[in-house]
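# Analysis of the macromolecular model
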Amino acid sequence: MQRIEFSSRAMKFLQRLQEKSQKRILAAIYKLPQGDILPLEGKNGEYRLRVGGWRVIWEYRGELIFIMEIGNRGDVYK
């Protein structure tokens, strides 16, 4: 199992969500690298994970999966 770390921005977004939504997103994150994943165009080594209407932007850092940002679809790419 790979280690997972969250940026402070990603943690803030998660903490503002309802508990049911938090659990759904966290369950998908802890299944990485499985799920609805695509590499981001123009962003070398960054990927997105789709969880319903949310997107999780993440990257590999050696043995670490670093969660850079979590946000609503459309807003997270800006």
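Residues numbered from 1 in each chain as written. Predicted model: local features only at pLDDT ≥ 70, side-chain atom pairs only at ≥ 80, totals over all residues. Heavy atoms only, no water.

With that settled, the discussion passes to unusual backbone geometry. Along the chain, Leu32 connects to Pro33 via a cis peptide bond; the corresponding omega equals 10°. Relative to the helices and strands, Pro33 is located in the loop between helix H2 (19–29) and strand E2 (37–39). (Helix = DSSP H or I, 4+ residues; strand = E, 2+ residues; numbered from the N terminus.)

Let's shift gears to helix H1 (residues 8–16). Considered for burial, the residues of H1 that qualify are Ala10, Phe13 and Leu14. Mapping the buried residues of H1 onto a view down its axis gives an arc of 100°, with all of them on the same face. Exposed side chains of H1 directed beyond 90 degrees from the buried face belong to Ser8, Arg9, Lys12, Gln15 and Arg16. Summarising the contacts, the buried residues of H1 are in contact with strand E1 (3–6), H2, strand E4 (54–61) and strand E5 (64–72). (Buried < 20%, exposed > 50% of the residue type's maximum accessible area, 1.4 Å probe, protein only. Arc of directions from axis to C-beta. Contact = heavy atoms within 4.5 Å.)

Enumeration over the complete set of coordinates arrives at 6 salt bridges. Across the pair Arg9 and Glu69 runs a salt bridge whose closest N-O atoms are separated by 3.3 Å. Here Glu69 lies in strand E5 and Arg9 lies in helix H1, a separation of 60 residues in the sequence. By relative accessible area, Glu69 is classed as buried at 18%. A salt bridge links Glu19 to Lys23; its shortest N-O distance comes to 3.2 Å. Within this pair, Glu19 and its partner Lys23 are both found in helix H2, separated by 4 residues, close to a single helical turn. With respect to class, Glu19 is no different from Lys23; both count as exposed. A network of salt bridges, in which partner residues are shared, links Asp36, Arg48 and Arg50. (Salt bridge = Lys/Arg side-chain N within 4 Å of Asp/Glu carboxyl O.)

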